[in-house]
Amino acid sequence: PSKHLMLVSFLSKFLKDKGTFEFKRSIVSGIVELMKQHPEAAESSLLHLCEYIEDCEYDWLAIEIIHILGEIGPFTSGKYRF
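Presented here is a report on the structure given in the accompanying data block. (Residues numbered from 1 in each chain as written. Predicted model: local features only at pLDDT ≥ 70, side-chain atom pairs only at ≥ 80, totals over all residues. Heavy atoms only, no water.)

## Brief notes about the overall build of the protein chain
For step 1, the next point in the chain: When helices and strands are tallied, the protein chain shows four helices and zero strands.
For step 2, the next point in the chain: Counting from the amino terminus, the protein chain carries its helices and strands in the arrangement α-α-α-α.
For step 3, the next point in the chain: Computed over its C-alpha atoms, the radius of gyration of the protein chain comes to 12 Å, within 12% of the 12 Å expected for a compact globule of 82 residues.
For step 4, the next point in the chain: In terms of its C-alpha atoms, the protein chain occupies a principal-axis envelope of roughly 30 × 25 × 15 Å.
For step 5, the next point in the chain: Across the protein chain, the fraction of contacts at a sequence separation of at least 24, relative to all contacts at a separation of at least 6, is 57%.
For step 6, the next point in the chain: Entry remark: accessible area of the protein chain is about 5,400 Å², with carbon and sulfur atoms responsible for 60%. (Helix = DSSP H or I, 4+ residues; strand = E, 2+ residues; numbered from the N terminus. Rg over C-alpha atoms; globule rule 2.2 N^0.38 Å. Contact = heavy atoms within 4.5 Å. Areas by Shrake-Rupley, 256 points an atom, 1.4 Å probe, with all protein chains shown as cover.)

Next up, the structure:
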């Protein structure tokens, strides 16, 4: 259970590298599933997704992440960050 933060950090490193849309979409989907299964990982996961939006080369993926922020962000302890 305590390794979910390391897993999110590991996955987010791949978001910064070059890759196809499908690859990055599966990483984002994995992070979202992890947040659903471990709500305590939501805040750090959302921070990593926010960092990715800044340099996202795929508009559709950025829109999907913004949608996720709107759904999950208000229910985190740091809701004013998102």
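## A closer look at the packing of helix H2 (residues 21-37) against helix H3 (residues 42-54)
For step 1, the next point in the chain: Where H2 meets H3, the closest approach of the two axes is 9 Å, and the angle between their N-to-C directions is 160°. Put simply, H2 runs roughly antiparallel to H3. Two packed elements cross with a definite hand, and for H2 against H3 that hand is left-handed. Every residue of H3 that contacts H2 at Lys24, Val28, Ile31 and Met35 is listed here: Ala42, Ser45, Leu46, Leu49 and Tyr52. (Axes fitted to C-alpha atoms, helices over the stretch in contact; angles between N-to-C directions. Parallel < 35°, antiparallel > 145°, perpendicular 65-115°, else oblique. Left-handed = near helix turned anticlockwise from the far one by under 90°.)

## Topic: the environment of leucine 7
For step 1, the next point in the chain: Tracing the backbone shows leucine 7 in helix H1 (residues 4-16).
For step 2, the next point in the chain: With a relative accessible area of 39%, leucine 7 lands in the partly exposed category.
For step 3, the next point in the chain: Along the chain, leucine 7 and isoleucine 31 lie 24 residues apart, while their C-alpha atoms are 8.7 Å from each other. (Buried < 20%, exposed > 50% of the residue type's maximum accessible area, 1.4 Å probe, protein only.)

## A look at the packing of aromatic side chains
For step 1, the next point in the chain: A complete count under the given rule lists four aromatic pairs for this structure.
For step 2, the next point in the chain: Measuring from centroid to centroid gives 6.1 Å for phenylalanine 14 and phenylalanine 23, while their planes differ by 85°, and the two rings are edge-to-face. (Phe/Tyr/Trp six-rings, centres within 6.5 Å; stacked < 30°, edge-to-face > 60°.)

## Section: the pattern of salt bridges
For step 1, the next point in the chain: Tallied over the full model, the rule gives four salt bridges.
For step 2, the next point in the chain: With its nearest N and O atoms 2.8 Å apart, the salt bridge here joins glutamate 22 to arginine 25. Of this pair, glutamate 22 and arginine 25 are both found in helix H2, three residues apart, which corresponds to roughly one turn of the helix.
For step 3, the next point in the chain: The exposure class of arginine 25 is partly exposed, given its relative accessible area of 31%.
For step 4, the next point in the chain: As a salt-bridge pair, lysine 36 and glutamate 33 come within 4.0 Å of each other at their nearest N and O atoms. Taken together, the residues span about one helical turn, with lysine 36 and glutamate 33 both in helix H2 at a distance of three residues. (Salt bridge = Lys/Arg side-chain N within 4 Å of Asp/Glu carboxyl O.)

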